[in-house]
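# Chain and residue survey
Residue strings, one per chain:
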Amino acid sequence: MLKLLHRIRQLFRRRPPASDLTVIEYEAVSLIAYEGRAAYERAREQAEYCLSRGSETGCRFWSEVAVEVARRTGKVNTGRAKEQPR
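One structure accompanies this document, and this report is about it. The structure displayed is predicted, hence computed values, not measured ones.

## A closer look at the overall build of the chain
Regarding its fold elements, the chain presents four helices and zero strands. Across the 86 residues of the chain, 27% fall into the buried class. Across the chain, contacts joining residues at least 24 apart in sequence account for 58% of those joining residues at least 6 apart. Counting every atom, the chain has about 6600 Å² of accessible surface; 54% of that belongs to carbon and sulfur.

## Quick look at the pattern of salt bridges
This model, assessed by the stated rule, comprises five salt bridges. The shortest N-O distance in the salt bridge between Glu 68 and Arg 72 comes to 2.7 Å. In this pair, Glu 68 and Arg 72 are both assigned in helix α4 (residues 56–73), four residues apart and thus about one turn of the helix distant. Classification of Glu 68 as buried rests on a relative accessible area of 10%. For Arg 72, a relative accessible area of 37% gives the class partly exposed. Through salt bridges with shared partners, a single ionic network connects Glu 68, Arg 71 and Arg 72.

Analysis parameters
Residues numbered from 1 in each chain as written. Predicted model: local features only at pLDDT ≥ 70, side-chain atom pairs only at ≥ 80, totals over all residues. Heavy atoms only, no water. Helix = DSSP H or I, 4+ residues; strand = E, 2+ residues; numbered from the N terminus. Buried < 20%, exposed > 50% of the residue type's maximum accessible area, 1.4 Å probe, protein only. Contact = heavy atoms within 4.5 Å. Areas by Shrake-Rupley, 256 points an atom, 1.4 Å probe, with all protein chains shown as cover. Salt bridge = Lys/Arg side-chain N within 4 Å of Asp/Glu carboxyl O.

Set out below in structure tokens:
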């Protein structure tokens, strides 16, 4: 039974497919798939949350994800994609 649960858990665990995507690109694509139009805002929220918790690395990661989401969804021209979270 434990082996079955372990195998099911492995099937649902998020892992990047064997492709040329970077971790940031993979997260951006996943976020777009899960959140749709709200993906950019969600990535910015995550960056702000990490910053409020003192995680500079997390903030940087999610900020890069937000930029990648903006690039992939055509929001690059709005100028917001290059802003740092507050």
